[in-house]
Amino acid sequence: MAAMPTTPLHFRRVGFDPAPDLTEVRDTDGVRRIESPQLGASIWLVTRVEDVRRVYGDPSRFRISAYHLVPGAPALTDEELAPVRPGNLLAFDPPEHTRLRRLLAPEFTARRMRRLEPRIHEIVDAHLDAVERKGPPADLVAEFALPVPALVICELLGVPFEDRDEFQQRYAEFFDVTLSFERRLAVQYESKAYLTELVARARAEPGDDLLGMLARDESADLDDRELVGIADLLLLAGHETTANMLGLGVLALLRHPEQFRLLREEPGRADAAVEELLRWLTVVHTGVPRVATTEVELGGQAIGAGELIICSLPAANRDPALVPDPDRFDIGRDAGSHVAFGHGVHHCLGAPLARMEMRIAFPALVRRFPALRTVGSYPDYRTQQVVYGLGSLPVTW
């Protein structure tokens, strides 16, 4: 089913694919000025992979627009921005971004992530056991894709897992572009209030989790507002994106049974499969908007200082300049240096964790349920969400 006309151009999808009017921009102009009522301004839409890398890789010429921290919404005022900016890595370029990222980066290295690997196996297997015991049909979004990354990020951060329904609902509203800007901003404030209590507990009795580690580290020199902002971003980004990749990724494998079978028979392909799923699905439509700091040429267009720029990550990851035959889903290929996790200094901090969760979850699922198949004809695509995915995925086996 085609995307609704009210959907912003850079959000539009048709099933797994970027919508035709979005790919038309990439295949003709590459960079085009469009009207964006949601952002309240004309913006430059960037769709080719090399141009996206250039924008994301040069914060001196393309600065983060911190006023657009509520995705798909008009710019915040200084008063609205004050409570939501501290500690949010997406709100700063270097040097402030460098200070915050340096504190967190050691906890997200591939080596540190390997310490979590046994626990992630346990979490994945436990949820597959529960699905199998209950028997078909099952909703793989509700029973697998959502709870697995939620439990992982809760344990990593020190967030009570019993609070997951509450924060999942808040973040679902925050990412829903059909809701009013005022409601989505209110949800952000509610999240800050919840995490403020959590940070106070971590200050009083720091545990062995990431929040406790940061609270104990006096050299980090983080105030409570920064700790809240860090926790909010990691909880939001560490859950929503991976959950949607798991749900949509399973559907992609089921719609391509030869790829499903290949992964089941050759689980050593898991790393390549994850990279191809990341490239082909690209659940994050776009990163935080950038602002040109000076007049600059991009994709043959003259962009003036102060003008707003949006990069379409799904369009860029289907760019023929990235891989041959980019609209074909093939877990046997090298997915290239895709931009599903962004690029440059803002490349996703949690990418090693997300990759590990998917590298464990997809092979375990296809091995456990070799006869897995969908129930019903029309997938529940979430077309009005900032992070693309499925509302539900009914399956049987």
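See above for the structure.
Attention here is on the structure that accompanies the text.

Cut-offs applied
- Residues numbered from 1 in each chain as written.
- Predicted model: local features only at pLDDT ≥ 70, side-chain atom pairs only at ≥ 80, totals over all residues.
- Heavy atoms only, no water.
- Pairing = 2+ DSSP bridges.
- Helix = DSSP H or I, 4+ residues; strand = E, 2+ residues; numbered from the N terminus.
- Buried < 20%, exposed > 50% of the residue type's maximum accessible area, 1.4 Å probe, protein only.
- Polar contact = N/O pair within 3.5 Å; in protein donor to acceptor, adjacent residues only side chain to side chain.
- Contact = heavy atoms within 4.5 Å.
- Salt bridge = Lys/Arg side-chain N within 4 Å of Asp/Glu carboxyl O.
- Core = buried A, V, L, I, M, F, W, Y, C linked by side-chain atoms within 4.5 Å.
- Axes fitted to C-alpha atoms, helices over the stretch in contact; angles between N-to-C directions.
- Left-handed = near helix turned anticlockwise from the far one by under 90°.

Taken in spatial order, the three strands of this open sheet run E6-E12-E11, and their pairing is antiparallel. One side of each edge strand has no neighbouring strand; the edge strands of this open sheet are strand E6 (138-139) and strand E11 (373-374).

What follows covers the pairing of strand E3 (residues 31-36). Alignment of E3 against strand E4 (residues 41-46), held across six bridges, turns out to be antiparallel. Residue Ile34 lies in a different strand from E4, and its bridge partner there is Ile43. Counting the residues in the hairpin turn of E3 and E4 gives four residues, including Gly40, whose phi is positive at 75 degrees.

For the rest of this paragraph, the subject is the side chain of Glu240. Assignment of secondary structure puts Glu240 in helix H11 (residues 224-255). By relative accessible area, which is 5% here, Glu240 ends up buried. At 2.9 Å, the side chain of Glu240 forms a polar contact with the side chain of Arg382. Once you skip the residues sitting within four places of it in the chain, Glu240 turns out to touch Tyr171, Phe175, Arg382 and Val387.

Turning next to the pattern of salt bridges. Counted by the stated rule, this structure contains 32 salt bridges. Between Asp17 and Arg318 there is a salt bridge, with its nearest N and O atoms 2.9 Å apart. On the criterion of sequence distance, the pair formed by Asp17 in strand E2 (residues 17-18) and Arg318 in the loop between helix H14 (313-317) and helix H15 (351-368) is long-range, its members being 301 residues apart. Put simply, Asp330 and Arg328 hold a salt bridge, and the shortest N to O gap is 2.8 Å. Overall, the relative accessible area of 18% leaves Asp330 in the buried class.

Ranked by internal contacts, the top residues of the largest apolar core, which has 106 residues, are Val124, Phe362 and Leu372. A total of 16 residues in this core trace back to one element, the largest contributor, which is H11. Residue contacts for Val124: discarding those within four places in its chain leaves Phe144, Val148, Ile360, Ala361 and Ala364.

As a packed pair, helix H5 (residues 110-134) and H15 sit with axes 9 Å apart at the nearest point and diverge in direction by 35 degrees. For the crossing formed where H5 meets H15, the hand is right-handed. Along the contact surface, H5 presents Ala110, Met113, Arg114, Leu116, Glu117, Ile120, His121, Val124, Asp125, Leu128, Asp129 and Glu132, while H15 presents Pro352, Leu353, Met356, Glu357, Arg359, Ile360, Ala361, Ala364, Leu365 and Arg368.

We now examine the sheet that holds strand E5 (residues 62-64). Within the open sheet, the five strands sit side by side as E3-E4-E10-E7-E5. Their pairing is mixed. The open sheet is flanked by E3 and E5, the only strands paired with a single partner. Within the sheet, the average angular offset between the axes of one strand and its neighbour, ignoring direction, is 40 degrees. Bridge count between strand E7 (residues 290-292) and strand E10 (residues 308-311): two bridges; the pairing is antiparallel.

Turning our attention to the environment of Leu211. Along the chain, the position of Leu211 falls in helix H10 (residues 210-216). Judged by its relative accessible area of 3%, Leu211 is buried. The spatial distance from the C-alpha of Leu211 to the C-alpha of Gly158 is 6.3 Å, given a sequence separation of 53 residues. Contact partners of Leu211, with chain neighbours within four places excluded, come to Leu157, Leu198, Val199, Ala202, Leu227 and Ala231.

With that out of the way, let us pick up the environment of Asp27. Topologically, Asp27 is positioned in helix H1 (residues 20-27). Judged by relative accessible area, Asp27 falls into the partly exposed class, the value being 49%. Taking C-alpha positions, Asp27 is 8.4 Å from Arg48, a pair spaced 21 residues apart along the chain.

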